[in-house]
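Each chain, letter by letter, is given below.
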Amino acid sequence: MTILELPESLETTTLNSHHSRAASTVRRRSSDVAVLESDSNSLEAVNDSDSDVNNTNEMGNLRGGVVESALEEPSELGTEGLRNGKEENEQVRTGESNQEMEVLASAKFAHRPSAPAHRRIKESPLSSDAIFKQSHAGLFNLCIVVLVAVNSRLIIENLMKYGWLINSGFWFSSTSLKDWPLLMCCLSLPIFPLAAFFVEKLVLLKYISECVAVFLHILITTAAILYPVLVILRCDSAVLSGVTLMLFACIVWLKLVSYVHASHDMRALAKSLDKGETLSGYWNSDDSYGASFQSLAYFMVAPTLCYQPSYPRTASIRKGWVVRQLIKLIIFTGFMGFIVEQYINPIVRNSQHPLKGNLLYAIERVLKLSVPNLYVWLCMFYCFFHLWLNILAELLCFGDREFYKDWWNAKTVEEYWRMWNMPVHKWMVRHIYFPCLRNGMPRGGAILIAFLVSAIFHELCIAVPCHIFKFWAFIGIMFQVPLVILTNYLQDKFQNSMQLGCYFPTCFHTGFRAASSSALAKTRHEGNELNLGQYSFG
């Protein structure tokens, strides 16, 4: 009954609203007429008073005549304005009445059984022509709900099957004390930036030539990367400790190369500038090059790999914001460890070597590892690139905090590598890509050299701590070059179609990490008890 009475109630409501609007319009018109009548009465009163003044002035001098003529003009103008106002009011009344008639007519024919239900051409929301013209927030929320429900079930199932696998020695144990040589090596790494500073100071004071400075810098940077490698290879330490030391060593090496390259380039530019020109005028900076130890010390701890004498700085430190980010860092790090111990560790323990045996079994193991590896990688990205680097930038008042871009929207592998790690990308562009182009190398060759350098450092960070030199990481990074060519070709050919290229880089890296983590673990400790927290980051 309610559904059948709906059109009538709607029509009644519409008519009532129209009647109320008409009544308000009549009240508005009556108020306008009252205002106009009051204006006419006031004008008549003025005319009466003017006539009294003219009657009392018996002499009729020139001054009185001027007053009389001046007072008669407003009376005529007021009468004419009143006439014009009434005409305009009649026009407005006529237009409003026509509009009311149209509204009443439309309300009369609205919601009728014979009213047309299809008035124009429309596409279905999920059709190819309309799918990108609307918001999909509801579907996104539905996916989040399904994701939370499915993963909650998996967590409960895992706890029921394996129990609580995280022990007290996950973060720190007595065996961690055996890694003290790696700790001492890490603490001694600042020696190399200090040596590079002294070389730059000697060059600036003209005690040594540019060629000698280049030779000394090559020795310093080479020692900065070989020294940690030798320490790790001579010590049978935990893989996680070795990976941490190699990451620190690679960061120091990249910073040293940037410091040396930028300082050499600034000296060359200073010699080529005309008289009166300064470098600060081109770089919008107040500082000029001068081998400052303070700028080098700030650069070595700043969340950047590209050296410059000064950086954009913020005004103050938000202490409450830093505390909140530290709490998030602890929570997500613990969640990452939970995934490693509860999911990745049991899967690898109960699986064969992925490169030996049945191919279908290996594919099933890799796919089973891919999901927890993806979660670990996402947590690691969020913890390092968002939380840790922003905390460090806040404590150092470092202003440029573009540590990553929206790599999740990358359409090609090339876009993905350009956006997911901005500090390394800026270093590659500044110190490898553009120098190669300035020396006449084609763009493809410059990209190949950039990937070659990246592959070497990936191999060092994985093979050296694991004591396994199979070149898996090197081959995996170099395999990105044909993927770049392939995805660029597909993007150019199908650029107007539905774009799914943003999922390809993440899927590939997830599968590669899953296979490499399992392979590394089974190769080094096959048949032994192991802690997969040391291998899951491969």
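These figures come from a predicted structure and were not determined experimentally. (Residues numbered from 1 in each chain as written. Predicted model: local features only at pLDDT ≥ 70, side-chain atom pairs only at ≥ 80, totals over all residues. Heavy atoms only, no water.)

Caption draft 1: Region of the structure containing the UniProt feature "active site" (unreviewed entry) in the protein. What UniProt calls "active site" (unreviewed entry) maps, in this numbering, to His458. Mapped onto the secondary structure, histidine 458 falls in helix α14 (residues 443-466). Overall, the relative accessible area of 31% leaves histidine 458 in the partly exposed class. Within polar-contact distance, the side chain of histidine 458 engages the backbone oxygen of serine 454 at 2.8 Å. (UniProt positions renumbered as here; feature names shortened; annotations may be inferred. Helix = DSSP H or I, 4+ residues; strand = E, 2+ residues; numbered from the N terminus. Buried < 20%, exposed > 50% of the residue type's maximum accessible area, 1.4 Å probe, protein only. Polar contact = N/O pair within 3.5 Å; in protein donor to acceptor, adjacent residues only side chain to side chain.)

Caption draft 2: Inspection of the pattern of salt bridges at higher detail. One pass over the structure, following the stated rule, counts nine salt bridges. Note that lysine 426 and aspartate 400 form a salt bridge whose closest N and O atoms lie 3.4 Å from each other. Of this pair, lysine 426 sits in helix α13 (residues 422-438) while aspartate 400 sits in the loop between α11 (359-395) and α12 (413-419), and the two are 26 residues apart along the sequence. Classification of lysine 426 by relative accessible area gives partly exposed; the value is 30%. Overall, the relative accessible area of 36% leaves aspartate 400 in the partly exposed class. Across the pair glutamate 414 and arginine 443 runs a salt bridge whose closest N-O atoms are separated by 2.7 Å. Separated by 29 residues along the polypeptide, glutamate 414 in helix α12 and arginine 443 in helix α14 bring together distant segments of the chain. (Salt bridge = Lys/Arg side-chain N within 4 Å of Asp/Glu carboxyl O.)

Caption draft 3: Summary view of the packing of helix α7 (residues 239-272) against α14. Where α7 contacts α14, the two axes come as close as 8 Å, and the packing angle between them is 150 degrees. As summarised for this structure, α7 and α14 are arranged roughly antiparallel, according to the angle between their axes. Judged by the twist between their axes, the crossing of α7 over α14 is right-handed. Contacts from Val239, Gly242, Val243, Met246, Leu247, Cys250 and Trp253 in α7 reach Phe457, Leu460, Cys461, Val464, Pro465 and Cys466 in α14. Here the contact of α7 with α14 is built from residues that sort into twelve nonpolar, one polar and no charged. (Axes fitted to C-alpha atoms, helices over the stretch in contact; angles between N-to-C directions. Parallel < 35°, antiparallel > 145°, perpendicular 65-115°, else oblique. Left-handed = near helix turned anticlockwise from the far one by under 90°. Contact = heavy atoms within 4.5 Å. Nonpolar A, V, L, I, M, F, W, Y, C, P; charged D, E, K, R; others polar.)

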